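Spelled out from the first residue to the last, the chains are:
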Amino acid sequence: VQAAFDPLYPLGLQHYWRADFFTEITDDAIAVHEKFGEVPTALSTMHLYPIDGAVHEVGADETAFAYRDATWSGVIAGIDPDPANADVLRDWAVGYWDALHPHSAGGAYVNFMMDEGQDRVQATYRHNYQRLSRVKAIYDPTNFTFPAGVHICELEIDPDTGVTKIARWTAVDDCGNIINPMIVE
């Protein structure tokens with residue numbers, strides 16, 4: 001799934017993104033979409049992703065993700081292979097977002113953010129921001145690089161009793177250049 005758009009959007013393209021969460025798509029929001037429906041380049045687009053299912057079964061303060069009431073994630077993407085079109089892409093995406101944002105819930109997935117500033121990041125985490133800031137101050141005070149990797153565990157399960165036993169455990173991490181001393185011994 002993660003590579004689903006790779007054939008449509010190969011490496012080397014210029015991208016400018018803006019995004020928002022929505023609790024509903026109002027008539028006024030639809031009018032904004034119609035206004036910006038003429039994209040600046042053939043690859044530019046606007047996606048609406050549904051947010052449904054289990055995401056709404058968790059409280060807004062139980063994880064970092066605070067927009068449990070959102071039903072849509074809208075992503076505006078100005079895209080083109082020619083670097084000369086960078087300003088056109090940015091202007092279109094920002095203009096579209098500026099017009100649509102008043103109809104949004106206020107935040108967005110941080111993965112879809114560009115140069116929008118700290119207030120925008122804070123709006124994305126809502127009331128969880130202060131709690132997350134306190135946790136970050138303890139575990140990542142100077143933005144250390146954290147490992148990325150995988151842990152694989154093979155279990156043996158006794159079919160009669162249901163008792164589990166770890167048969168084998170393998171961990172592979174790419175720790176980068178700096179390791180946070182709070183996570184290693």
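For clarity, every value in this text was computed on a predicted model and none was experimentally measured. (Residues numbered from 1 in each chain as written. Predicted model: local features only at pLDDT ≥ 70, side-chain atom pairs only at ≥ 80, totals over all residues. Heavy atoms only, no water.)

(A) How the structure looks around the overall build of the chain. Tallying secondary structure elements over the chain gives four helices and five strands in all. The long-range fraction of contacts in the chain, counting pairs at least 24 apart against all pairs at least 6 apart in sequence, stands at 70%. (Helix = DSSP H or I, 4+ residues; strand = E, 2+ residues; numbered from the N terminus. Contact = heavy atoms within 4.5 Å.)

(B) Region of interest: helix H2 (residues 86-100). Between the first and last C-alpha of H2 there are 21 Å, a value that for 15 residues agrees with the 21 Å anticipated at 1.5 Å per step. Among the residues making up H2, those that are buried are Leu89, Trp92, Ala93, Val94, Tyr96, Trp97 and Leu100. Its buried side turned inward, H2 meets strand S1 (14-22), helix H1 (27-35), strand S2 (45-50), strand S3 (72-80) and helix H3 (118-125). (Expected span 1.5 Å × (residues − 1). Buried < 20%, exposed > 50% of the residue type's maximum accessible area, 1.4 Å probe, protein only.)

(C) The sheet that holds S3, seen in detail. One open sheet accounts for three strands, arranged S1-S3-S2; its pairing is antiparallel. If you trace the sheet from one side to the other, it starts and ends with S1 and S2, each paired once. Averaged over neighbouring strand pairs, the angle between their axes works out to 20 degrees when direction is ignored. Examined bridge by bridge, S2 and S3 share six bridges and lie antiparallel to one another. By the bridge assignment, Pro50 is partnered in S3 with Trp72. Sitting on the sheet, H2 is in contact with S1, S2 and S3, with an inclination near 10 degrees to S1. (Pairing = 2+ DSSP bridges. Axes fitted to C-alpha atoms, helices over the stretch in contact; angles between N-to-C directions.)

(D) Structural context of the pattern of salt bridges. Inspection of the entire model under this criterion finds seven salt bridges. The salt bridge partner of Arg120 is Asp20, with a shortest N-O separation of 3.1 Å. Taken together, the positions of Arg120 in helix H3 and Asp20 in strand S1 put the pair 100 residues apart, joining distant regions of the chain. A salt bridge links Arg168 to Glu154; the nearest nitrogen and oxygen atoms lie 2.6 Å apart. Remark: Glu154 occurs in strand S4 (residues 148-157) and Arg168 occurs in strand S5 (residues 164-174); sequence separation between them is 14 residues. (Salt bridge = Lys/Arg side-chain N within 4 Å of Asp/Glu carboxyl O.)

(E) Geometry of the packing of aromatic side chains. Across all of its chains, the model carries nine aromatic pairs by this definition. Relative to Tyr67, the ring of Phe21 lies with its centre 5.0 Å away and its plane at 35 degrees, an arrangement referred to as tilted. Linking Phe21 in strand S1 with Tyr67 in the loop between S2 and S3, this pair joins segments that are 46 residues apart in sequence. The pair Phe21 / Tyr67 is uniform in exposure class, with both members buried. Judged by centre distance (5.5 Å) and plane angle (70 degrees), the rings of Trp92 and Tyr96 are edge-to-face. Taken together, the residues Trp92 and Tyr96, both in helix H2 and four residues apart, mark about one turn of the helix. The same class applies to Trp92 and to Tyr96, which are both buried. By the ring-pair criterion, three or more aromatic residues cluster together here, those being Trp17, Phe21, Tyr49, Phe65, Tyr67, Tyr109 and Phe112. Positioned over the ring face of Trp97 is Arg18, at 5.1 Å from the centre of the ring. (Phe/Tyr/Trp six-rings, centres within 6.5 Å; stacked < 30°, edge-to-face > 60°. Lys NZ or Arg CZ within 6 Å of the ring centre and 35° of its normal.)

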